[in-house]
Structures are given as C-alpha cells and as structure tokens.
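Residues per chain are reported as follows:
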Amino acid sequence: MTDLQRLQATQQFHVRQRVRLMVNQYEVRAVQPDGSEGEMIAFAQQKRMAFKEQVTLYTDDSKQVPVLGFKARQVLDLGATYDVTEPSGAPIGLFRKDFKASLLRSTWIVEQPSVGAVRGQERSQAVAILRRFVDSLSWLPYHFDFVTPSGEVVFSVVKQWGFRDKYVVSVPNPYIDRRLVIAMAVALDALQSR
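Residues numbered from 1 in each chain as written. Predicted model: local features only at pLDDT ≥ 70, side-chain atom pairs only at ≥ 80, totals over all residues. Heavy atoms only, no water.

Novice: Please explain the side chain of T148 as it appears in this structure.
Specialist: Within the fold, T148 resides in the loop between β10 (143–147) and β11 (153–160). Judged by its relative accessible area of 16%, T148 is buried. A polar side-chain atom of T148 sits 3.0 Å from a polar atom in the side chain of S150. Filtering out sequence-adjacent residues up to four positions away, T148 remains in contact with V118 and V154. (Helix = DSSP H or I, 4+ residues; strand = E, 2+ residues; numbered from the N terminus. Buried < 20%, exposed > 50% of the residue type's maximum accessible area, 1.4 Å probe, protein only. Polar contact = N/O pair within 3.5 Å; in protein donor to acceptor, adjacent residues only side chain to side chain. Contact = heavy atoms within 4.5 Å.)

Here you go:
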C-alpha cells in the first residue's frame, strides 16, 4: 500500500497548532483506533501577515518532502479562492470562502473534480455571532460540517477547547481526497479570522 493509499484510508485526523511567535505551525496526525494521536501525516508552516497566502505542507517538521500546498489566487482575501495542488503543481481541488454567507456564520465551499462541491458551515449560529462580535471570545470552539447538496456529510472539523488550537477531523466519505481535507482543516485555523 502506498503512502497516498494509506492516507486515503484514514478516516480521522488531529490537527494541532504549535505556538510560535512569527509563524503559524500545524501538525496533522492520524488517529489510532484507541483515539490517541498516531504518526505525523503532515506539517505546515504559515508566515503571519503574508501579502498573498501560500502554505506548503510537508511529511514532517524537517520540511524536506512536500505533500501538498494551497495558494490564494488573488491578493484580496474577502472571497479568495485557494488552489490545492500536489508538489508537482497538479491540481487536487480548491476551496473558497462564501463571503456573503460568512457575514453571520462562516461558510466555505470545497471542490474536488471527481466529488463536486461541498459546503461547510459553522453548526452553531450563536457561537458564530459571539466569535465575530466579541473579540475576547474568538477562542470559542466551533464545528463545521461539509455536506453535499443532498445533505450527506463528507467531512467534519471540530475545534476543541484548550490553550493551543486543536481540531478533530472526521472523514466518513471514501472519495474525497484527504489532502484536500487536510488543507481545508489547516486553512480553517489559519484563515478563519479574516
């Protein structure tokens, strides 16, 4: 079984932010059958206040072997589209923020050619409004379900309580590319407050 096949068979990940001064760093780990964190699947680093968003994910924190990357198509970030690509530059899919729908509840669209578009929205309207209008509550946990137009959950991202940002990502759909899911999960933390 190849690394990509093993990744594609994974149904749950943990994404954990490392606390650093000038960069955002993220560890993505598989979840073991007992619920504990397993091996590192990917490591991401994002410079804060970059002019145009670009994030590369690597196999580990040595940053020697790239796994995927995502990059904003345009500088203006209000409704930016982010292309997710393999290290060779081949497209995996894309995601974009639905700016109008996000005014009261953050909403993202994820597209993969073989799967189509799925829409992810914060589950709780009350938490979404509190996080937007009370800066001191931006740490509140949130839950996104990414669903097909027919309502089937493709994947979920749940931010948990804690000092460091930690997310549990569940992927019941066997067809969506896990690399696209990982990119969206990292982006939720890196780009959510914009």
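Now that the structure has been shown, the text picks up again.
Novice: What is the right way to read a nonpolar patch on the surface from this model?
Specialist: There is a patch of nonpolar side chains on the surface, built from F99, L103 and L104 and spanning about 290 Å² of accessible area. Mapped onto the elements of the fold, L104 is located in the loop between β7 (91–97) and β8 (107–112). (Patch = residues over 30% accessible without salt bridge, like charges linked within 9 Å, V, L, I, M, F, W, Y side chains within 5 Å. Areas by Shrake-Rupley, 256 points an atom, 1.4 Å probe, with all protein chains shown as cover. Salt bridge = Lys/Arg side-chain N within 4 Å of Asp/Glu carboxyl O.)

Novice: Would you explain the pairing of strand β2 (residues 23–31) in this entry?
Specialist: When a strand is regular, its side chains alternate between the sheet's two faces. Summarising burial for β2: 8 of the 9 residues are buried, a large majority. Two elements, strand β1 (residues 12–18) and β2, share 6 bridges in a ladder whose sense is antiparallel. Counterpart to Q17 in the pairing with β2 is Y26. Counting the residues in the hairpin turn of β1 and β2 gives 4 residues. (Pairing = 2+ DSSP bridges.)

Novice: Explain the pairing of strand β5 (residues 66–72) to me, please; I cannot follow it from the model alone.
Specialist: With respect to burial, β5 is a largely interior element, 5 of its 7 residues being buried. Bridge analysis of strand β4 (residues 54–58) against β5 gives 5 bridges, and the strand direction is antiparallel. In the strand pairing of β5, Q54 is matched with K71. The pairing of β5 with strand β6 (residues 81–85) spans 4 bridges and is antiparallel. Looking at β6, one finds that A72 is bridged to Y82.

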